[in-house]
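One letter stands for each residue in the lines below.
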Amino acid sequence: GETAEGARRMEALGTKMAPAQPALAAEILAQAGQAWLIAGDNKRAYAVQTAALKLAPRDVDLLVDRAVTLGQAKNYWEAIDDLNRAHELAPNRADVLVYRGSAYRFVDSPELAIQDLDEAIQLNDRNAEAFLERGILRRLANDNDGARSDWMRAVTLAPGTPTADAAQKDLEMLDFKAN
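What you see is a predicted model, and the numbers here were worked out from it, not measured in a lab. (Residues numbered from 1 in each chain as written. Predicted model: local features only at pLDDT ≥ 70, side-chain atom pairs only at ≥ 80, totals over all residues. Heavy atoms only, no water.)

A.B. asks: Can you break down helix α3 (residues 42-55) residue by residue, with the values?
C.D. replies: With 14 residues, α3 ought to run about 20 Å at 1.5 Å a step, and its terminal C-alpha atoms sit 20 Å apart, in line with that. Among all positions in α3, only A45, V48, Q49, T50, A52 and L53 are buried. Buried residues belonging to α3 abut α1 (3-17), α2 (22-38) and α4 (60-72). (Helix = DSSP H or I, 4+ residues; strand = E, 2+ residues; numbered from the N terminus. Expected span 1.5 Å × (residues − 1). Buried < 20%, exposed > 50% of the residue type's maximum accessible area, 1.4 Å probe, protein only. Contact = heavy atoms within 4.5 Å.)

What follows is the structure, encoded as structure tokens:
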């Protein structure tokens, strides 16, 4: 329950360790960044994640974490930059494509978003988040049948999760608007 204090301590430890053990320091700073994000301090999370990336610039998980932080701050183009780099380093990671597809939706680039989500689904046809996000894009394009199919798939793949809950709510809204 002391997320900010934990983040502060991990940040201090990671910063102190950086000169002697940069790889371990980057991991600790990454955890501090996640803790700052949970504590609601996006600016601090971004700063710590940036410091960690200076120590481990090819760490895909760190790039994704910082992209999430940027997305929460509505800095979608910067998030896309980090996700582009992550995709270059790990082209077979469906999660990177799902995050980037979501960011593309928020910058009004539905064609790029759909392309990423289709590729994510090709890489992992059990990725519920990809189906949830693609369903949103299909609904925005007035493809209600496609949206329904994707959301039902998300519910089936990940029952009892926030992803399934979101897909179920989207299905209910679609049915409500249809009546």
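A.B. asks: Outline the packing of aromatic side chains, supporting the account with residue identities and numerical values.
C.D. replies: One pass over the structure, following the stated rule, counts one aromatic pair. Look at Y76 and F106: their rings are 4.8 Å apart centre to centre, the planes differ by 10 degrees, and that puts the pair in the stacked class. Here the residue Y76 occupies a position in helix α5 (residues 76-89), and F106 occupies one in helix α6 (residues 94-106), the gap between them amounting to 30 residues. What makes F106 partly exposed here is its relative accessible area of 43%. Over the ring of F106 we find R105, and its NZ or CZ is 4.5 Å from the ring centre. (Phe/Tyr/Trp six-rings, centres within 6.5 Å; stacked < 30°, edge-to-face > 60°. Lys NZ or Arg CZ within 6 Å of the ring centre and 35° of its normal.)

A.B. asks: An account of the layout of surface pockets is needed here, citing residue identities and associated values.
C.D. replies: Approximately 500 Å³ is the volume attributed to the largest pocket. Looking at the largest pocket, it is lined by 18 residues, and the ones nearest its centre are V68, V98, Y99, S102 and E133. Mapped by element, the contributors of at least two residues to the lining of the largest pocket are α4, α5, α6 and α8 (128-140). Examining the composition of the lining of the largest pocket, we find that six residues originate from one element, α6, more than from any other. When its residues are assigned to classes, the lining of the largest pocket shows 11 nonpolar, four polar and three charged. (1 Å grid on protein atoms, 1.4 Å probe; cavity = no way out; pocket = protein on both sides within 12 Å on 5 of 7 lines; lining within 4 Å. Points joined across faces, edges and corners; volume = space filled by probe spheres on them. Nonpolar A, V, L, I, M, F, W, Y, C, P; charged D, E, K, R; others polar.)

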